[in-house]
Structure formats: structure tokens, C-alpha cells
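# Results of the structural survey
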Amino acid sequence: MARLAADPPSGPVEAWLFEDRAARAQAEARLAGLGIAARIRTAYKPLLAFFREEADLAGVSSAVVRYPRHPAAHPDRFLLETYPLAMLLPDVAVRLEPGGAGLTYEVELHGRDGGCRRHLVFAPNVVQADSFGRPVLATSGWLRIAGGTDGPLDTEFATLFRQALEAVPAAGVPAARLEIQADIAARDEPLGWGDEVLSLAEALHEDLFFALRERFQAGGGGNRSLQILPDIRAGSAAISLRITAGPPGDPEEAAGPPPAPLALSESPLPLAQVQAILRAMGGRALQTRSVQGRLVPWLYRPGSAAPVLISAAQHGNETSGVIGALRAATVLMRQKRAHFALIPVENVDGYALHQRLIARNPRHMHHAARYTATGADLPASRDDERLARLWALRRSGARLHLNLHGYPAHEWTRPLSGYLPAGFEQWTIPRGFFLIVTHHPGWGRLASRLMAALARRLGADRALVAANARQIDALHRHSQVQPFRVIAGIPCFLTEGCHYEAPLTVITEAPDETVHGAEFRRLHTAQMRAVLHAVAIYQELCRPSRKRHRRRPPGQSRPGRRHRRPGSAHACP
């Protein structure tokens, strides 16, 4: 604004910035008051903004969008960036096709009268190196002045990101927590479909968190025992950045108001409430302690059935499984033969961090809370961070682990680092409530039977299948990669490996980062049903065969016992 006001251009101005719609409209009006004709667009998801802010859709029956395929970007980068366009235009048939190699979307709007209007939508990006020296195509500000300037523009948003990275030594810092507090102006803008929202604050949290992890990894693996906390505050009058390193220093978690019945819970429970519910449940209460000193309570209920381990919140920002696990355990406690161990919150330090973060940004996915206090994914962390899991498996003898997870309820992006989250490219768009079943070698047949039976029982829930179908349809429209099998409306993945301790692990994935209200209730109900169905199916598969055998003739010897394969039903207990 100051630059253009000091030296007014002779022609029209176009600018692409990281600002919300209201701020950009206000800037256009101020420039118009100075006699400067300007169009200020968003650099983030510009095609979506074109259809929401500029396109005249009156009388339009269909639209063809040819998305760019830049050589420095993931092949689906710009296709995924169109999401959820097709769902926002229910009365327009949208077709997305691959286009040229530049940075421009080609749009055709076909009218009911047979006419066609063509538009070019510019997507401002620049090629730059990431922390590992790899080229990435990053979203950028841009300034275009008729007859003159046409190139990248350094924005406050991108400058804040760059300065935060440069301020932290690549070798790490001698502290338990690195906290980045950033204030930005842009407010969240709900899109009116599903849980989708345009949130530059959330995008900055994700970009800062993962970029700093990558910076430390590229710098020699320093600070593996470091919790990184981006605290992004939207709607501020002025942009600011403050970085501190030190001990966690979080206030003691409050229990909050008395909990409603678990089935009616509409938001993630405070840790104190989880612990109180577990204590009241009965069984043998046990506990370990986290790196930051929090109790990790768990429960063991011995019984005569085949044992199972039920756990949730391996990732602290995945919260529907916590209530689902507690609800399922309450039912199992009433079953005479039930035999299980329960860890309702495995990653208590990450979960506590998530509670802090959702107080300010309740709907964000908050991947800083995904990891443990040492910055690790719990299965690959130090033994002292997963003691509860190791002890519960040993104490119960469980060979089946029901591991309740979640993932983002809306699009996950890193606009300043290539747009798609590196290493998580297939997790950018929700695909409903789904299953991942992983097994040790030799357990494939039992795993496959368990997965298929569980999917069919979950598929009896018509509301769950309808919600899944809606998200799978959106995924199909905006992505070319769908590497999963759908059984009875439930996406399923079956994998073999020894990266989990139990021979059989059923992972549920609910799009719960972070939802509240009726949607949260729906998801923790699905988590509960998944546990109860899986336990029942597992007991059926482990039950000895009751087939009738022909009586042996007198004098015929008893056949030798056949070797029990590790993945056979008889091996379950």
C-alpha cells in the first residue's frame, strides 16, 4: 500500500497476497480512493477464490478446468489445490483435466445458451530449496503492474515464516520446548461444505512445525528430544513473531465442568476427566509417567476370552478415539468373559498440548500435538514414552491391538513448502472413517478375515456409510490417487510388517482433527462400535472349530496333532 501510494502507477495493478477476503477488499477500496485501479487476489488457492469472488456463474451449466502440471511440483499438486471446488458448485458440472506446464489454470464456463467464456487464472509460485536442498514449488506473493513489474512479491506472511526458520539454529537448541508465537491478520473463512475452511493461520502452524522438524533433521538430527510448538493467532492488527526456548511450563490441566454422559460428549475431554472416568470403571488400575511428568493411566481387566489391547491418542491431536475407547470398555466391563487392557490416552503430553491449542483455534488440526514431548511418533519413540503399551501387551498377552486414530477433517496444506505436506501427500483430503489392518508375517489370512468382517459390520451403519460416500466422492473428483479397497462403504488397507508390537493391529482412522458437536459424537460412536465389533469378531475367529468328525474305527490310532500356524485361529489366545 505504501509503495503504491508513494509512486502511483500509470496502469492497473494486480497483486496476490496472503490476506483474507475482507482485508483485500478494504485495500482495493483504499487504493481506489488514491486513484489507483487495483485487483488484489489471494495467493493461497487462487482458483477457488476466482470462482468464489470473480466468476459470473449465472446461467453456467458446466465448467472445464485445466490445471497446470509444473515440472517442479507433485503431479497432482494443482489438481488437489482445486479442492473442494466441485462440491461448492452443485448446479455446475465441473470437469478437471491436466493442462500445461506453467502456472496458469485454464477455465471454460459453458452456459445453458450454448455460449462459452474462457478465463486464465494465475497461480503465483516460485521454485525454492527446502531444508534438504530439494527444489519445491512454493506459493508466493506476486505483483503485476501494466507495462512494468511482473514478478514475485515478498509478503509479510512469507517473511515471517522465513525469519522464524532462520532464527533457529539448524543444529537445534538446548531446551525441551521451542515455542513460536506468531500474530497474523488473516482470519479463517469457512467454505460452507463439510469442515472445509480457508485458514492461513492453520497453514502457517503446519508449515512452521514441519519445516522446523525438517531443518533439524537436515542439520544433523539435532534436538530429537524437542517439542516444537507454533502458536498462531489470527485477526491481529499487526503481524509479529516471538520465539522462546525453555521448559514446557504449561499450567496444570483443569478438569473442566462435570462431564456429560460419554455418549453425548461434543468436544475432546480434558485429561483429568479421562483419568476420573478410568478410575471409576473398575478393573486393575495401573499407570506409568510421561516425559513431562504426567500420569499415563491404564486398566487391565482379566478374563477367559482371547485378550485384546485397546488404545487411543497415540497422536495427541486425534481425540475421538479416546471417548470411543472409554465407551467400548464400559460395555466390555459388563461382559463376564471379556479380557482386555485399555490405554485411553497413550500420548498424554501431546494430548495436553492439544487441549491448550484448541482453546484458541478449536477447529485446527494442530499437528504439533501429534508427537510426543520428545518430538517423536510414539511407536518409534524412547521406551519410556511407550511403557504403558509395552506393559499392557505383556500383562494381557494380547495379540490383537485395537489402535484408535484420527486424521484431518479438512484439507491439510503447507503452501510455503510445496503445498502438499511432504511424506503425507495421501492424507491431504478426508476419505471418511476407514480401517488400516497391519499384521506380522504368517498372520495375513486372519487379518484379511478380520478386516472384511469388521468393515461389513461397520457398513451396517447407514449414516456412517453416507458420510463416507460424500467424502470419497469429493476425493475422487479432486485426486487421481485412491490406493484403497472399499468394503461395504468402508475404505480398507491391509499391510504386512513388524513395525507394531502385536501380531495383529487394527487401526481406525476418523476424520476428527478437529471437530466438535454432532460430528464429534458421530465419530466417537463409530470408534466405539469398531472396538466392540472387532472384539466380537476376533473371539469368533479364535473359537475352536466345532466341526463333527467321523468316529475312528476300533484300533485306529489318533492322528497326530497338526502344527498351529502363527496366524491360524487356534493361535489367537
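Below is a summary of the structure that appears in this document. (Residues numbered from 1 in each chain as written. Predicted model: local features only at pLDDT ≥ 70, side-chain atom pairs only at ≥ 80, totals over all residues. Heavy atoms only, no water.)

### Observations concerning the overall build of the protein
Let me state the cut-off plainly: Elements are defined by DSSP. Helices are runs of H or I of four residues or more, strands are runs of E of two residues or more, and each kind is numbered from the N terminus. Atoms considered for the radius of gyration are the C-alpha atoms alone. The globule rule reads 2.2 Å times the number of residues to the power 0.38. Whether a residue is buried, partly exposed or exposed follows from its accessible area with a 1.4 Å probe, protein chains only, as a fraction of its type maximum: under 20%, in between, or over 50%, in that order. By the convention used here, residues are in contact when the closest approach between their heavy atoms is within 4.5 Å.
Along its length, the protein carries 14 helices and 24 strands. Against the globule reference of 25 Å for 573 residues, the protein gives a C-alpha radius of gyration of 27 Å, in line with a compact fold. For the C-alpha atoms alone, the extent of the protein along its principal axes is close to 105 × 60 × 45 Å. Counting over 573 residues, the protein shows a buried share of 56%. Within the protein, contacts between residues at least 6 apart in sequence are counted, and of these 78% link residues at least 24 apart.

### Section: the side chain of Thr-159
Stated formally: The definition of a polar contact used here is a pair of N or O atoms within 3.5 Å, where within protein one atom must be able to donate a hydrogen and the other to accept one, and adjacent residues in sequence count solely through side-chain atom pairs.
Relative to the helices and strands, Thr-159 resides in helix α6 (residues 156–167). Judged by relative accessible area, Thr-159 falls into the buried class, the value being 17%. There is a polar contact of 3.3 Å between the side chain of Thr-159 and the side chain of Asp-154.

### A few points about helix α10 (residues 348–360)
Among the 13 residues of α10, 10 are classified as buried, and the element is accordingly described as predominantly covered. Taken together, the buried positions of α10 are occupied by Val-348, Asp-349, Gly-350, Tyr-351, Ala-352, Leu-353, His-354, Gln-355, Leu-357 and Ile-358. Contacts from the buried residues of α10 go to β11 (177–183), α7 (200–218), β14 (227–233), α8 (271–281), β17 (295–301) and α9 (320–332).

### Some words on the pattern of salt bridges
Counted only if it meets this: Within this document, salt bridges are pairs made up of a side-chain nitrogen of Lys or Arg and a carboxyl oxygen of Asp or Glu, the two lying within 4 Å of each other.
The final tally for this structure, using the stated rule, is 32 salt bridges. Measuring nitrogen to oxygen at the nearest pair gives 2.6 Å for the salt bridge that ties Glu-97 to Arg-95. By relative accessible area, which is 44% here, Arg-95 ends up partly exposed. Among the charged side chains, a network of salt bridges with common partners joins Glu-14, Glu-28, Arg-39, Arg-41, Glu-54, Arg-144 and Asp-150.

### Overview of the sheet that holds strand β9 (residues 141–145)
Quick note on the threshold: Criterion used throughout: strands pair if DSSP finds at least two bridges between them. Think of each axis as a best-fit line through the C-alpha atoms, taken over the contacting stretch in the case of a helix, with angles from 0 to 180 degrees between the N-to-C directions.
Strand order across the open sheet formed by 4 strands is β2-β1-β9-β10, with mixed pairing between neighbours. Only two strands of the sheet have a single partner each, and these edge strands are β2 (38–42) and β10 (150–153). Mean inter-strand twist for the sheet, computed between neighbouring axes without regard to direction, equals 15°. As paired elements, strand β1 (residues 13–17) and β2 share 5 bridges and run parallel to each other. Bridge assignment links Ala-15 to a residue of β2, and that residue is Ile-40.

### Section: the packing of α6 against α7
To keep things clear, this is the line we draw: Working definition: roughly parallel below 35 degrees, roughly antiparallel above 145 degrees, roughly perpendicular at 65 to 115 degrees, and oblique for all remaining angles. When the near helix sits turned anticlockwise from the far one by under a right angle, the crossing is termed left-handed; a clockwise turn instead gives a right-handed crossing.
Close contact between α6 and α7 brings their axes to 10 Å; oriented N to C, the two are set at 25°. Regarding the angle of α6 to α7, the classification is roughly parallel. Between α6 and α7 lies a crossing whose hand is right-handed. Of the residues in α7, those in contact with Phe-157, Leu-160, Phe-161, Ala-164, Leu-165 and Glu-166 of α6 are Leu-200, Leu-204, Asp-207, Leu-208, Ala-211, Leu-212 and Arg-215.

### Digging into the nonpolar core
Applied cut-off: Nonpolar cores are built from buried Ala, Val, Leu, Ile, Met, Phe, Trp, Tyr and Cys residues. Side-chain atoms within 4.5 Å join them into one set.
One finds Phe-51 and Leu-204 to be the most contacted residues of the largest nonpolar core, which totals 86 residues. In terms of residue count, the dominant contributor to this core is α7 (10 residues). Beyond its immediate sequence surroundings of up to four residues, Leu-204 is in contact with Phe-157, Leu-160, Phe-161, Ala-182, Ile-184 and Ile-232. Ranked by size, the runner-up nonpolar core spans 75 residues in total, among them Ala-312, Ala-341, Ala-352 and Leu-504.

### A word on the sheet that holds strand β15 (residues 240–246)
As summarised here, the arrangement of the 3 strands in space is β14-β11-β15, forming an open sheet in which the pairing is mixed. Looking along the sheet, the strands with just one partner apiece sit at the ends: β14 and β15. Each strand of the sheet is rotated relative to its neighbour by a mean of 10°, with strand direction disregarded. Sheet analysis places β11 next to β15, joined by 7 bridges and oriented antiparallel. Bridge pairing in β15 places Leu-178 opposite Ala-245. Seen against the sheet, α6 touches β11 and β15 and runs at an angle of roughly 25° to β15. The strands touched by α10 within the sheet are β11 and β14, with β14 carrying the most contacts at an inclination of about 10°.

### A closer look at the pairing of strand β24 (residues 504–513)
For β24, the tally of buried residues reaches 10 of 10 residues, placing the bulk of the element in the interior. Note that strand β20 (residues 400–408) and β24 share 9 bridges and pair parallel. Bridge pairing in β24 places Asn-403 opposite Ile-507. Where strand β21 (residues 434–439) meets β24, 6 bridges bridge the pair, whose relative direction is antiparallel. Each bridged residue has a counterpart across the sheet, and for His-439 the counterpart in β24 is Leu-504.

### What to know about the side chain of Arg-414
By secondary structure assignment, the location of Arg-414 is in the loop between β20 and β21. With a relative accessible area of 1%, Arg-414 lands in the buried category. A polar atom in the side chain of Arg-414 sits 3.1 Å from the side chain of Asp-207. Setting aside residues no more than four positions away along its own chain, Arg-414 makes contact with Glu-206, Asp-207, Phe-210, Ala-211, Glu-214, Tyr-419, Pro-421 and Ala-422.

### Let's talk about the environment of Ala-305
Here Ala-305 shows up in the loop between β17 and β18 (308–312). Sequence separation of Ala-305 and Ala-338 is 33 residues, and the distance between their C-alpha atoms is 5.6 Å. Ala-305 has contacts with Arg-337, His-339 and Gln-539, leaving out every residue within four places of it along the chain.

### Topic: unusual backbone geometry
Residues other than glycine predominantly adopt negative phi, and peptide bonds predominantly adopt the trans conformation. Here the amide bond leading from Tyr-83 into Pro-84 is cis, since omega sits at 0°, within 30 degrees of zero. Mapped onto the elements, Pro-84 comes out in the loop between α4 (77–81) and α5 (85–88). A cis amide bond links Glu-513 with the next residue in sequence, Thr-514, at an omega value of -20°. In this fold, Thr-514 is placed in the loop between β24 and α14 (517–542).

### So, the packing of aromatic side chains
Think of a pair of aromatic rings as described by two things: how far the centres are apart, and how the planes are tilted against each other in angle. Heads up, the rule is: Here a Phe, Tyr or Trp ring, Trp counted by its six-membered ring, pairs with any other such ring whose centre lies within 6.5 Å, and the pair is stacked when the planes are under 30 degrees apart, edge-to-face when over 60, and tilted otherwise. Charges are assigned to positions over rings by a cutoff of 6 Å between ring centre and Lys NZ or Arg CZ, combined with an angular limit of 35 degrees from the ring normal.
Scanning the entire structure with this criterion turns up 18 aromatic pairs. An angle of 80° between the planes, with centres 6.0 Å apart, marks the rings of Phe-78 and Tyr-105 as edge-to-face. Remark: Tyr-105 occurs in strand β5 (residues 104–111) and Phe-78 occurs in helix α4; sequence separation between them is 27 residues. Taken as a pair, Phe-78 and Tyr-105 share a single burial class, namely buried. Taken together, the aromatic side chains of Phe-209, Phe-210, Tyr-371, Trp-412 and Phe-424 make up a single cluster linked through ring pairs. Positioned over the ring face of Phe-78 is Arg-77, at 4.4 Å from the centre of the ring. Above the ring of Phe-122, the side-chain terminus of Arg-144 is found at 4.8 Å from the ring centroid.

The values reported here are purely geometric and, on their own, carry no functional implication.
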